[in-house]
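Observations on chain architecture
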Amino acid sequence: MIEILKKIPFFSELSDEDVQKIADNIRLEYFPASHVIFEQNDTGDIMYIIKRGKVQVIRDDTVLAVLEDNAFFGEMALVSDEPRNARIVTVTDVEALTLNKDDFKRLLETNSSIASIVSYEVVKRANAIF
Ligand code: CMP
């Protein structure tokens, strides 16, 4: 897992020690093509980083974005405590790293480079939606 994490740009600024800590809490999950990872308005407690593959971000039947390798999703419900603001459907087979809410929040609190990557995207995505 440590070797996998080191190749993901999202984690590239982490020290070896931090990568090791996070590796204990991260899972690698596989989803087939055309699979709904979660629905809009679901309660969310996991965020996802795409290791390989492509997903569509769909809100009210409109495709807002297509995300692929190294992009992340599912962070907004975790930082805002609001329901999922879009449905996520796989376009291809997807391998994703998943992190639960507590571990994700700890990562944001302890790592400023990850906090700035995430807050940049949250602001951009929120502006695109609302
Ligand atoms: P969340 O609200 O937890 O669940 C739906 C996810 O879709 C959201 O987090 C973001 O990760 C993602 N998302 C929402 N809007 C956009 C957008 N405009 N572009 C890319 N991703 C988005």
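Residues numbered from 1 in each chain as written. Predicted model: local features only at pLDDT ≥ 70, side-chain atom pairs only at ≥ 80, totals over all residues. Heavy atoms only, no water.

Okay, the pattern of salt bridges next. The final tally for this structure, using the stated rule, is 10 salt bridges. Its salt-bridge partner being Glu95, residue Arg52 comes within 2.8 Å of it at the nearest N-O pair. Separated by 43 residues along the polypeptide, Arg52 in strand S3 (residues 46-52) and Glu95 in strand S8 (residues 94-100) bring together distant segments of the chain. On the basis of relative accessible area, Glu95 is assigned to the buried category, the value being 9%. Of the charged contacts, one joins Lys101 and Asp81 as a salt bridge, the two residues approaching to 2.4 Å between their closest N and O atoms. Taken as a pair, Lys101 in helix H4 (residues 101-110) and Asp81 in the loop between helix H3 (75-80) and strand S7 (87-90) lie far apart in primary sequence, 20 residues in all. Look at Asp81 and you get exposed, because its relative accessible area is 53%. What you see here is one network of salt bridges that share partners, running through Glu75, Glu121, Lys124 and Arg125. (Salt bridge = Lys/Arg side-chain N within 4 Å of Asp/Glu carboxyl O. Helix = DSSP H or I, 4+ residues; strand = E, 2+ residues; numbered from the N terminus. Buried < 20%, exposed > 50% of the residue type's maximum accessible area, 1.4 Å probe, protein only.)

Turning next to the site of the ligand. If you check the shell around the ligand, you find 16 residues, and the closest are Gly74, Glu75, Ala77, Arg84 and Asn85. Within the side chain of Arg84, a nitrogen or oxygen atom sits 2.7 Å from an oxygen atom of the ligand. The fraction of the free accessible surface of the ligand (460 Å²) that becomes covered by protein chains is 95%. Listing elements by their share of the shell around the ligand, those giving two or more residues are strand S5 (62-67), H3 and helix H5 (112-129). Across the shell around the ligand, the residue classes tally to 11 nonpolar, 2 polar and 3 charged. (Near = heavy atom within 4 Å. Polar contact = N/O pair within 3.5 Å; in protein donor to acceptor, adjacent residues only side chain to side chain. Areas by Shrake-Rupley, 256 points an atom, 1.4 Å probe, with all protein chains shown as cover. Nonpolar A, V, L, I, M, F, W, Y, C, P; charged D, E, K, R; others polar.)

Attention shifts here to the sheet that holds S8. Taken together, the 4 strands give an open sheet; going across it, the order is S1-S8-S3-S6, and neighbouring strands pair in antiparallel fashion. Each edge of the open sheet is held by one strand with a lone partner, namely strand S1 (27-31) and strand S6 (72-73). Note that S3 and S8 share 6 bridges and pair antiparallel. The residue of S8 that forms the bridge with Ile46 is Asn100. (Pairing = 2+ DSSP bridges.)

Turning next to the sheet that holds strand S4 (residues 55-59). Reading across from one edge, S2-S7-S4-S5 is the order of the 4 strands in this open sheet, with antiparallel pairing throughout. Across the chains shown, the open sheet's two edge strands, defined by having one partner strand only, are strand S2 (36-38) and S5. Across the sheet, the mean angle separating the axes of adjacent strands is 30° when strand polarity is ignored. (Axes fitted to C-alpha atoms, helices over the stretch in contact; angles between N-to-C directions.)

Attention now goes to H4. Residues of H4 that are buried include every one of Asp103, Phe104, Leu107 and Leu108, and no others. Seen along its axis, H4 keeps its buried residues to an arc of 140°; they face one direction. Exposed side chains of H4 directed beyond 90 degrees from the buried face belong to Asp102, Glu109 and Thr110. (Arc of directions from axis to C-beta.)

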